[in-house]
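Residue-level structure breakdown
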Amino acid sequence: MTPEELLGSYLQGKRDFRGIKLIQSPFDVEGNEIDLRGLCLRDINFSGAYLKKADFTETDLSGANLLGSVLEQACFRRAIVRDANLYSANLRWCDLTEADLRGSVLDHINATCAYFDRAINIGAMEYAILADASFQDAHIPDQLICRGGNLIWRTVMPDGTIKLGPQYGDGEGR
């Protein structure tokens, strides 16, 4: 499904896009990001969807269901992702800089090499892979990052310090 097809269906009232594979428009240069910038996609169901390299910059994804979706290299800069379900989503190499994640479920995510820099309203997450992730200047207490079975390894904390790890949750690594 192309971004144009997705938006057309969404504007006609469709919200269920479970398991879709989002592809570039035919006129886009191969390898570029898939442009979904600045859209309102509230309450969309992208569970199990393949959304690699999607650009959600400044997009409103409030109430979105992204359960188990593949979001590798996606961009969520300044996106509104409130009350969204990202349980078990693959956020590897994602950019969530300045994203608003208030009330979103972030348990079991793979956020390897993801950027949460200056993100706001990040809640608790459990059993998340946070290796090489960055939370520089993010609004989240350290104890919510370093608990709940989360894998911490070379993780940049909100104050700029780096937790070398590896460590899981509340304990030190072995």
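For the structure, check the block above.
Okay, so let's go over this structure.

The rules behind each value
- Residues numbered from 1 in each chain as written.
- Predicted model: local features only at pLDDT ≥ 70, side-chain atom pairs only at ≥ 80, totals over all residues.
- Heavy atoms only, no water.
- Buried < 20%, exposed > 50% of the residue type's maximum accessible area, 1.4 Å probe, protein only.
- Helix = DSSP H or I, 4+ residues; strand = E, 2+ residues; numbered from the N terminus.
- Arc of directions from axis to C-beta.
- Disulfide = S-S within 2.5 Å.
- Phe/Tyr/Trp six-rings, centres within 6.5 Å; stacked < 30°, edge-to-face > 60°.
- Lys NZ or Arg CZ within 6 Å of the ring centre and 35° of its normal.
- Salt bridge = Lys/Arg side-chain N within 4 Å of Asp/Glu carboxyl O.
- Contact = heavy atoms within 4.5 Å.
- Pairing = 2+ DSSP bridges.

Re helix α1 (residues 3-11)
Every buried residue of α1 is listed here: Pro3, Leu6 and Tyr10. Around the axis of α1, the buried residues are gathered within 65° of arc, so they sit on the same side. Directly beyond the C-terminal end of α1, a positive phi value near 105° is found at glycine 13.

Things to note about the state of the cysteines
Summed over the entire model, instances satisfying the criterion amount to zero disulfides. This cysteine, cysteine 40, is not joined by any disulfide, and cysteine 75 carries the nearest cysteine sulfur, 18 Å off. Here cysteine 75 stays unpaired: no disulfide links it, and the sulfur of cysteine 94, its closest cysteine neighbor, is 8.6 Å away.

Here we look at the environment of lysine 53
By the element assignment, lysine 53 lies in the loop between β1 (34-35) and β2 (54-55). Measuring from C-alpha to C-alpha, the distance between lysine 53 and arginine 118 comes to 21 Å, with 65 residues separating the pair along the chain.

A short note on the packing of aromatic side chains
In this description, a pair of aromatic rings is defined by centroid distance and the angle of the planes. Counting across every chain of the model gives four aromatic pairs. Measuring from centroid to centroid gives 5.1 Å for phenylalanine 56 and phenylalanine 76, while their planes differ by 20°, and the two rings are stacked. Of this pair, phenylalanine 56 sits in the loop between β2 and β3 (129-131) while phenylalanine 76 sits in the loop between β2 and β3, and the two are 20 residues apart along the sequence. Note on phenylalanine 56: relative accessible area 0%, which makes it buried. Three or more aromatic residues link up through ring pairs in this structure, and these residues are Phe17, Phe46, Phe56 and Phe76. One cation-aromatic arrangement involves arginine 15 over tyrosine 10; the distance from NZ or CZ to the ring centre is 3.7 Å. Stacked on the ring of tyrosine 50, the Lys or Arg lysine 21 has its end atom at 5.3 Å from the ring centre.

What about the pattern of salt bridges?
Tallying each qualifying case throughout the model produces 11 salt bridges. A salt bridge links arginine 42 to aspartate 60; its shortest N-O distance comes to 2.8 Å. On the criterion of sequence distance, the pair formed by arginine 42 in the loop between β1 and β2 and aspartate 60 in the loop between β2 and β3 is long-range, its members being 18 residues apart. Notably, a salt bridge pairs aspartate 95 with arginine 77, separated by 2.7 Å at the nearest N-O pair. Of this pair, aspartate 95 sits in the loop between β2 and β3 while arginine 77 sits in the loop between β2 and β3, placing them 18 residues apart in sequence. Using a relative accessible area of 15% as the deciding quantity, one classes aspartate 95 as buried. In the salt-bridge network here, residues are joined through shared partners; they are Asp35, Arg37 and Asp55.

Brief notes about the environment of aspartate 132
Within the secondary structure, aspartate 132 sits in the loop between β3 and α2 (142-145). Aspartate 132 sits in the partly exposed class, given a relative accessible area of 30%. Here the alpha-carbon distance between aspartate 132 and leucine 144, two residues 12 residues apart in the chain, equals 17 Å. Apart from the residues lying within four places of it in its own chain, the contact partners of aspartate 132 are Cys113, Ala114, Trp153, Arg154 and Thr155.

Some details on the sheet that holds strand β4 (residues 151-153)
Within the open sheet, the three strands sit side by side as β3-β4-β7. Their pairing is mixed. Looking at the sheet topology across the chains shown, the edges are occupied by β3 and β7 (167-168). Relative to β4, β3 runs parallel, the two sharing three bridges. Along β4, the bridge assignment pairs alanine 131 with tryptophan 153.

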